[in-house]
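# Structural overview for review
So the chains spell out like this:
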Amino acid sequence: MNFIADMHTHTIASTHAYSTVTENAKAAAERGLKYIAMTDHGVKMEDAPHYWHFCNLRVIPDFLYGVRVIKGVEANICDYDGTLDTDEIERFVEWMVASMHYPCIMSGSEDDHTRAYLKVMENLKVAVLGHTDSEWYPYDVDTVSKECVRRNVAMELNVSRFRSEASIKRLKKLILPACVRNGCSIMVNSDAHFHDKIGAFEKARQLLCEINFPSELVLNADIQRFEAFLKARGIKTNGETAAE
Ligand SMILES: [Zn+2]
Ligand SMILES: [Zn+2]
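Small disclaimer: the values here were computed from a predicted structure and weren't measured.

## Quick look at the overall build of the protein chain
A tally of regular secondary structure across the protein chain gives eight helices and eight strands. Taken over C-alpha atoms, the radius of gyration comes to 16 Å for the protein chain, in line with the 18 Å a tight globule of 244 residues would show. Seen through its principal axes, the protein chain has C-alpha atoms that stretch 45 × 35 × 30 Å. Here the contacts in the protein chain between residues at least 6 apart in sequence split such that 78% fall between residues at least 24 apart.

Below, the structure written as structure tokens:
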């Protein structure tokens, strides 16, 4: 399984991350990736960038080191009605990962989190549900993964979460089997907060092999599948951008 994109990464614009977009793109090129998404935290997170960060993303070239840099945000899901903290910045970004983070949203019931995810997907900019493996935010995996299919949204396999045994267990036993059952595509992302983690997907590759996860459901492991996903969301692919 060869990955061609890392679509959830952070830069020094989020102060608990420590690499620049240039360093991240260089690391992506060295790993052989074709795409990277820059997804610093939405404004409700305590150390998120000022909203001007998002307004001015257009100054960053489409390509750095030959890697297409997609400008995005990791939006905060702020309540169980799926309210995001991105109203003022959505028009400036191409890509949104939507995630639950403390203290932007408190831990509620399984029904609360399920409803929040379903409502979040009504926002057409949301491409990925970020790190849904948290014990703090359990949800009905079948209901949510079916809605992902209906809305063409990817479930994330977030490699940074491999530091938690509980997350690995939830992924293996609960989330990934539901994705297989319901035909829900996943996206493997690093959530890198330092450039050495960009595209470092070995642990994810091992886990997916271990459970015989169907490769056709891994969106960023095939260039055609991945670019079709981008096109369906109105995002320019490498060829289209280069041809301009
Ligand atoms: Zn996150
Ligand atoms: Zn993140």
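Back to the text.
## Describing the nonpolar core
By size, the foremost hydrophobic cluster in this structure holds 68 residues, and its most contacted members are I36, M96, A98, A154, I186 and V188. At five residues, strand 4 (residues 67-76) tops the list of elements feeding residues into this core. Apart from residues lying up to four places away in sequence, A98 is in contact with A75, I77, L84, V120, V126, L129 and G130.

## Thoughts on helix 7 (residues 223-232)
For helix 7, the set of buried residues is F226, E227, F229 and L230. The arc enclosing the buried residues of helix 7, seen along the axis, measures out at 155°, which places them on a common side. Facing away from the buried side of helix 7 by more than 90 degrees, the exposed set consists of Q224, K231 and A232. On the buried face of helix 7, the contacting elements are strand 1 (5-9). With its phi angle positive at about 75°, G234 sits one or two positions after the end of helix 7.

## As for the pairing of strand 6 (residues 126-129)
As defined by bridge partners, strand 5 (residues 95-99) adjoins strand 6 across three bridges and the pair is classed as parallel. The residue bridging V97 from the neighbouring strand is V128, located in strand 6. For the crossover from strand 5 across helix 3 (residues 110-120) to strand 6, the handedness is right-handed. Here two bridges tie strand 6 to strand 7 (residues 154-158), and the two strands are oriented parallel to one another. Bridge pairing links L129 to M155 in strand 7. The β-α-β motif built from strand 6, the intervening helix 4 (residues 141-151) and the parallel element strand 7 has right-handed crossover chirality.

## Observations concerning unusual backbone geometry
Here the amide bond leading from Y102 into P103 is cis, since omega sits at 5°, within 30 degrees of zero. In the Ramachandran plot, Y65 falls in the positive-phi region, its phi being about 55° despite a non-glycine side chain. In this fold, Y65 is placed in the loop between strand 3 (63-64) and strand 4. With a phi close to 55°, N152 is a non-glycine residue in the positive phi region. With respect to the element layout, N152 can be found in the loop between helix 4 and strand 7.

## Description of the packing of helix 3 against helix 4
What describes two packed helices is the angle between their axes and the distance between those same axes. Remark: helix 3 packs on helix 4, axes separated minimally by 10 Å, with the N-to-C direction vectors making an angle of 0°. Comparing their axes, helix 4 and helix 3 come out roughly parallel. The residues of helix 4 that touch helix 3, namely those facing T114, Y117 and L118, are T143, V144 and E147. Class assignment of the residues belonging to the contact of helix 3 with helix 4 gives a composition of three nonpolar, two polar and one charged.

## A look at the pairing of strand 4
Two faces, one strand: in a regular strand the side chains alternate between the faces of the sheet. Summarising burial for strand 4: ten of the ten residues are buried, a large majority. Burial along strand 4 is two-sided: the residues V67, V69, K71, V73 and A75 and R68, I70, G72, E74 and N76 are all buried. Bridging between strand 2 (residues 35-41) and strand 4 involves seven bridges; their strand directions are parallel. Counterpart to T39 in the pairing with strand 4 is G72. When strand 3 meets strand 4, the two strands line up antiparallel, connected through two bridges. Paired with L64 across the strands is V67, a residue of strand 4. Between strand 3 and strand 4, which pair antiparallel in sequence order, lie two residues; one of them, Y65, sits at a positive phi of approximately 55°.

The rules behind each value
- Residues numbered from 1 in each chain as written.
- Chains lettered and ligands numbered in written order.
- Predicted model: local features only at pLDDT ≥ 70, side-chain atom pairs only at ≥ 80, totals over all residues.
- Helix = DSSP H or I, 4+ residues; strand = E, 2+ residues; numbered from the N terminus.
- Rg over C-alpha atoms; globule rule 2.2 N^0.38 Å.
- Contact = placed C-beta atoms within 7 Å.
- Core = buried A, V, L, I, M, F, W, Y, C linked by C-beta atoms within 7 Å.
- Buried ≥ 20, exposed ≤ 12 C-beta atoms within 10 Å, placed from the backbone.
- Arc of directions from axis to C-beta.
- Pairing = 2+ DSSP bridges.
- Right-handed = clockwise from strand over helix to strand, strands pointing away.
- Axes fitted to C-alpha atoms, helices over the stretch in contact; angles between N-to-C directions.
- Parallel < 35°, antiparallel > 145°, perpendicular 65-115°, else oblique.
- Nonpolar A, V, L, I, M, F, W, Y, C, P; charged D, E, K, R; others polar.

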